[in-house]
Amino acid sequence: MSNSNCNHTRVLLIDSEEAFAHILQEVLGDTYVLRHTSSVATAIAQFDSEQVSVVLLNLDLPSAGAHQNSPSFLQVVCETAGPVPVVAYSWDTRRDRAVEAFQNGAFDFLEQPLDVQALKFALDRACRRASLMRELEGAQRILRSAHIDGLLGNSKAMEQVNDVVRKVAGVFTTVLITGETGTGKRVLQQPIHRLSPRPTKAFVAFSACSFPESLIEDELFGHEKGAFTGASQVRRGRFEEAHGGTIFLDEIGDLALPLQTKLLRVLQERTVERLGSNVSHPVDVRVICATSRNLEKMVQQGTFREDLYFRISVVKVPMPALRERGEDIPLLAEYYLRVFAKAHNKRARAFTPGFLSALARHRWPGNVRELQNVIERSVVLANGNEHLNVEDLPQELQPFSITEDLPSGSFHESVQAFKRELVRSALRLHSGNKLKAARELGISRCYLHRLLNQFNLTDSETSDESLGEELKADGGESELAGGRIAVGGRVA
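These numbers were taken from a predicted model, which means no experiment stands behind them.

> I'd like a rundown of the overall build of the protein chain, residues and numbers included.
A tally of regular secondary structure across the protein chain gives 20 helices and 18 strands. The buried share of the protein chain, reckoned over its 492 residues, is 47%. In the protein chain, the proportion of contacts linking residues at least 24 apart, taken out of those at least 6 apart, comes to 68%. As displayed, the protein chain has an accessible area near 24700 Å², and 48% of this comes from carbon and sulfur atoms.

Listed below in structure tokens is the structure:
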């Protein structure tokens, strides 16, 4: 998480010392726009969530009354329409002090004197969290908006799908839906039928991969009595069942060539002949096909009839892969969270920013179907926390994990141990590559190098030859930024 993720972060500083505000603005640089107020009471009276990205709150400020103290301010912030993350800090380093701050709604807690790098990292994380919350709120609004029922997504790719579906639904032509496995091709069948001029007529779905080849012809076209052993009565096929309405043929690319020939005849002549009969029965059906195969390549290889391909692909609707519409992930996750929470009689918890970040980083080879499985698993196996967090995700979605138990002790000791394990895990994840590990952690290379020295972590396989050049590229660290800022008369 770099500053580029949040240009000109607007920070509201609540601290009694104006000199500290001037020093802090100089240290943080132009990326952060600092607005200072000297009391909690003033901050509560003038607080505007639209004008603030992050709040930096001194918990040591004297209380001006029952409703003008730090907990009261945290409550005011939490109750705003778009909650603003609060980074609290204090000279009191007891564990209870930090726990109390988190219980009151603080996003992060820092000890005084403030470490500049830790402060920047906390502000950037808070800014990223606010951005993710805004995205989630936008996704929730979209969820309640008037899109085509069943088509979830506000990305450009899904807007194009929506547009094509609306246009093609009102005309009588064949439609071919393409896309990778798990993209949700089957979701389009019902909207196309429902928005057509024949929505009250029959809708019949058939998947070619659900039946052995010997039964597909009977399923599609039916049979006469005595057509084969066991055919004790006449049976209408799927095409006759769909007469007047719509038939959906899933995985059309799995049809064998002889069946492709018979299907082509049905589409051309609009009649079917049952097994054991030479009598033609007229059918008036709208045909929608879907496949995850590359039919153009199959035509070139001779495994799919070219004339049938042109017949079924008058209008093609490509379903985008989930990795191509990453902005839809929060919306989809929120939708499936509600669906599976209701199905399994679980509480519909909110997502933490880390949970959504992990979803956004994943490549989703299984597309929407894989996302469904991940959300359902998280809902079923979640712990007792108020939110679903990274620990509730499958291991492969977690960026890196801490496998060793953290030692017990003071809050400061726990934080230091946690930092050490984060650094070790990131280096292991990227095979000792410090630059990639720093990017994974959202910190600069020089700060990572400082942490390695602080924790006495060494890696013989990691080369430090380019460290000097990268430090120069980063612009170096001033003595002020490399030190610690103190309040109450102490020097920076």
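What follows picks up the thread again.
> Please give an account of the packing of aromatic side chains that cites residues and values.
For the structure on display, the rule yields seven aromatic pairs. Centre to centre, the rings of F20 and Y89 are 6.3 Å apart; their planes meet at 50°, and the pair counts as tilted. Taken together, the positions of F20 in helix 1 (residues 18-28) and Y89 in strand 4 (residues 86-90) put the pair 69 residues apart, joining distant regions of the chain. Note on accessibility: F20 and Y89 belong to one class, buried. Each residue in the set Y335, Y336 and F340 is aromatic and connected to the rest through ring pairs, giving one cluster.

> Can you break down helix 8 (residues 213-221) residue by residue, with the values?
Regarding helix 8, the residues found buried are I216, D218, E219, L220 and F221. G222 lies just past helix 8 and shows a positive phi near 80°.

> Break down the pattern of salt bridges for me, with residues and values.
Summed over all chains, the structure comprises 19 salt bridges. Of the charged contacts in the structure, one is a salt bridge between D307 and R305, with a shortest N-O distance of 2.7 Å. Looking at D307, the relative accessible area reads 33%, which means it is partly exposed. Given a relative accessible area of 27%, R305 falls into the partly exposed group. Notably, a salt bridge pairs R338 with E334, separated by 2.9 Å at the nearest N-O pair. You can see R338 and its partner E334 sitting in helix 13 (residues 329-343), four residues apart, about one turn around the helix. Overall, the relative accessible area of 5% leaves E334 in the buried class. When salt bridges with common partners are traced through the structure, they connect D218, E219, R235 and R238 into a single cluster.

> Lay out the pairing of strand 5 (residues 108-111) with the relevant residues and their values.
Residues D108 and L110 of strand 5 are buried on one face, and the alternating residues F109 and E111, pointing to the opposite face, are buried as well. As judged from the four bridges shared by strand 4 and strand 5, these two strands associate in the parallel manner. Residue pairing in the sheet places S90 in a bridge with E111 of strand 5. Remark: the strand 4/helix 4 (residues 95-103)/strand 5 crossover connection has right-handed handedness.

> Lay out the pairing of strand 3 (residues 54-58) in plain terms, naming residues and giving numbers.
Summarising burial for strand 3: five of the five residues are buried, a large majority. Covered by surrounding structure in strand 3 are V54, L56 and N58 together with V55 and L57, the residues of both alternating faces. Note: strand 1 (residues 9-14) against strand 3, four bridges, orientation parallel. Bridging across to strand 3, I14 finds its partner in L57. One ladder, built from four bridges, connects strand 3 with strand 4; its direction is parallel. Within the sheet, the bridge partner assigned to L57 lies in strand 4 and is A88.

> How would you summarise the packing of helix 8 against helix 10 (residues 257-269) if you had to cite specific residues and measurements?
At a minimum axis separation of 11 Å, helix 8 and helix 10 run at an interaxial angle of 10°. In this view, helix 8 runs roughly parallel relative to helix 10, as classed from their interaxial angle. Touching E213, I216, E217 and F221 of helix 8 are L259, K262, L263 and V266, all from helix 10. Of the residues contributing to the contact of helix 8 with helix 10, the split by class is five nonpolar, no polar and three charged.

> Describe the nonpolar core, and please don't skip the residues or the numbers.
F239, L249, I252 and I312 are the most contacted members of the largest nonpolar core, which totals 29 residues. Those elements that provide at least two residues to this core are strand 8 (203-207), helix 8, strand 11 (246-250), helix 10, strand 14 (286-291), helix 11 (295-301) and helix 12 (306-312). Ignoring sequence-local partners within four residues, the contact set of I252 consists of L176, L263, C289, A290, T291, L295, F304 and I312. Counting residues in each nonpolar core, the second largest holds 26 residues, with A333, Y336, L356 and A358 among its members.

> Go over helix 18 (residues 445-454), please, and point to the residues and values.
All of the buried residues along helix 18 are R445, C446, Y447, L448, L451 and L452. N-cap assignment for helix 18: the residue whose side-chain oxygen lies 3.2 Å from the backbone N of Y447 is S444. Backbone geometry just after helix 18 places N456 at a positive phi near 55°.

> Kindly report on the sheet that holds strand 14, identifying the contributing residues and their values.
Strand order across the open sheet formed by five strands is 8-11-14-7-15, with parallel pairing between neighbours. The open sheet terminates on both sides in strands that have one partner only, identified here as strand 8 and strand 15 (315-318). Each strand axis lies, on average, 20° off the axis of its neighbour in the sheet, ignoring direction. With four bridges connecting them, strand 7 (residues 175-178) and strand 15 associate as parallel partners. Directly across from T178, in strand 15, lies its bridge partner P318.

> How would you summarise the sheet that holds strand 5 if you had to cite specific residues and measurements?
Pairing between the strands of a sheet is mediated by backbone hydrogen bonds and can be parallel or antiparallel. The strand order across the open sheet built from five strands is 2-1-3-4-5, with neighbouring strands paired in parallel fashion. In this open sheet, the two strands that pair with only one neighbour each are strand 2 (32-37) and strand 5. Ignoring strand direction, the axes of neighbouring strands in this sheet form an average angle of 20°. Relative to the sheet, helix 1 contacts strand 1, strand 2, strand 3 and strand 4, its axis offset from that of strand 2 by approximately 175°. Of the strands in this sheet, strand 1, strand 3 and strand 4 are in contact with helix 3 (residues 70-78), which crosses strand 3 at around 170°.

Procedures and definitions
Residues numbered from 1 in each chain as written. Predicted model: local features only at pLDDT ≥ 70, side-chain atom pairs only at ≥ 80, totals over all residues. Heavy atoms only, no water. Helix = DSSP H or I, 4+ residues; strand = E, 2+ residues; numbered from the N terminus. Buried < 20%, exposed > 50% of the residue type's maximum accessible area, 1.4 Å probe, protein only. Contact = heavy atoms within 4.5 Å. Areas by Shrake-Rupley, 256 points an atom, 1.4 Å probe, with all protein chains shown as cover. Phe/Tyr/Trp six-rings, centres within 6.5 Å; stacked < 30°, edge-to-face > 60°. Salt bridge = Lys/Arg side-chain N within 4 Å of Asp/Glu carboxyl O. Pairing = 2+ DSSP bridges. Right-handed = clockwise from strand over helix to strand, strands pointing away. Axes fitted to C-alpha atoms, helices over the stretch in contact; angles between N-to-C directions. Parallel < 35°, antiparallel > 145°, perpendicular 65-115°, else oblique. Nonpolar A, V, L, I, M, F, W, Y, C, P; charged D, E, K, R; others polar. Core = buried A, V, L, I, M, F, W, Y, C linked by side-chain atoms within 4.5 Å. Polar contact = N/O pair within 3.5 Å; in protein donor to acceptor, adjacent residues only side chain to side chain.

Distances and angles like these do not, on their own, reveal function.
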